[in-house]
Amino acid sequence: MSLEFIQVERDGKVGLIRLNRPKQLNALNLKMVDEIVETLESMDEDPEIRAIVITGNEQAFAAGADIDEMTEVDSIDMLLRDQFRVWDRIALVRKPIIAAVSGFALGGGCELVMNCDIVIASESARFGQPEVNLGVMPGAGGTQRFTKALGKVKAMELLLTGESLTAEEALHYGLINRVVPVEVYLDEAMKLANRIVGQPPIAVRLIKQSVLKAIDLPLDEGLDFERKNFYLLFSSEDQKEGMRAFAQKRKPDFKGK
């Protein structure tokens, strides 16, 4: 697939995706979303990549969906297009995805952030779901993930007014992990990614699975899922290496096996 709207780089074992429609503030059109998802899936299958960072630029992570693609369509067009089905594939990516956010993360951009596992934001970042201002509502999970992250009353307020959160407010409500100066937001995300790639890949994968299950499962079912993954790791070479290295007071060499 030729890439028109994103740029792809690699820094050691970290895959980097840069959204690249700067004149449109990285508004997400259909082809751009396809490129993002297919690249995420390709990186997920690449054994040399252990973590993924996705970013935009200082002005915008992504300021929303490309409205030009939706202005003149009707409900049957949207039903047949089924444009949000591709978004479901992001949740199937097994490797950790870190969003490095500066500027606008609105609408589809905010939904993309919420599909990531960890979020590092610059002081200028703003998060919101302003679709109500256009006579519509979020369609890529905004009402669901916003509510799970912020709670009912705050999500309801923001979704019904179209107002956005500052980076500090997003941090307060648990939508993001960290706020840093604009000059270093991508560097901080890459540092975190490089810290994660030094961990045993199979354990990282099963931890991500277990945390995502915790969001939706009752506690007893989540605990059962966690314990099965815990036991499973005792069949890995990395578990043996990690515990032996601890006992021998040396740095472990994890192979992902």
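The paragraphs below set out a description of the structure included in this document. Computed from a predicted structure; not experimentally measured. (Residues numbered from 1 in each chain as written. Predicted model: local features only at pLDDT ≥ 70, side-chain atom pairs only at ≥ 80, totals over all residues. Heavy atoms only, no water.)

1. Description of the pattern of salt bridges
- In total, this model carries 17 salt bridges according to the counting rule given.
- Of the charged contacts in the structure, one is a salt bridge between Asp46 and Arg10, with a shortest N-O distance of 2.3 Å. In this pair, Asp46 is assigned in the loop between helix H1 (30-45) and strand S3 (51-55) and Arg10 in strand S1 (residues 6-11), connecting sequence segments 36 residues apart.
- The class of Asp46 is buried, set by a relative accessible area of 18%.
- The exposure class assigned to Arg10 is partly exposed, which follows from its relative accessible area of 48%. (Salt bridge = Lys/Arg side-chain N within 4 Å of Asp/Glu carboxyl O. Helix = DSSP H or I, 4+ residues; strand = E, 2+ residues; numbered from the N terminus. Buried < 20%, exposed > 50% of the residue type's maximum accessible area, 1.4 Å probe, protein only.)

2. Some points on the sheet that holds strand S5 (residues 97-101)
- The six strands lie next to each other as S1-S2-S3-S5-S7-S10, forming an open sheet whose pairing is mixed. If you trace the sheet from one side to the other, it starts and ends with S1 and strand S10 (178-180), each paired once. With strand direction ignored, the average angle separating the axes of adjacent strands in the sheet is 20°.
- Direction of pairing for strand S2 (residues 14-19) relative to S3: parallel, over a ladder of five bridges. Paired with Gly15 across the strands is Ile52, a residue of S3.
- The strands touched by H1 are S1, S2, S3 and S5; relative to S2, the strand with the most contacts, the crossing angle is about 180°. (Pairing = 2+ DSSP bridges. Axes fitted to C-alpha atoms, helices over the stretch in contact; angles between N-to-C directions. Contact = heavy atoms within 4.5 Å.)

3. Notes on the environment of Leu30
- As for its position among the elements, Leu30 is in helix H1.
- When near neighbours in sequence (up to four residues on either side) are disregarded, Leu30 contacts Glu69, Arg81 and Gln83.

4. Details of a nonpolar patch on the surface
- Taken together, the side chains of Phe230, Tyr231, Phe234 and Met243 make up a nonpolar region of the molecular surface, amounting to roughly 460 Å² of accessible area.
- Among the secondary structure elements, Tyr231 is positioned in helix H9 (residues 219-232). (Patch = residues over 30% accessible without salt bridge, like charges linked within 9 Å, V, L, I, M, F, W, Y side chains within 5 Å. Areas by Shrake-Rupley, 256 points an atom, 1.4 Å probe, with all protein chains shown as cover.)

5. Describing the environment of Asn177
- Along the chain, the position of Asn177 falls in the loop between helix H6 (167-172) and S10.
- In this structure Asn177 comes out as partly exposed when scored by relative accessible area, which is 43%.
- Between the C-alpha atom of Asn177 and that of Arg145, which follows or precedes it by 32 residues, the distance is 16 Å.
- Once residues lying within four places of it in the same chain are set aside, the contact partners of Asn177 are Ile118, Val119, Ile120 and Leu171.

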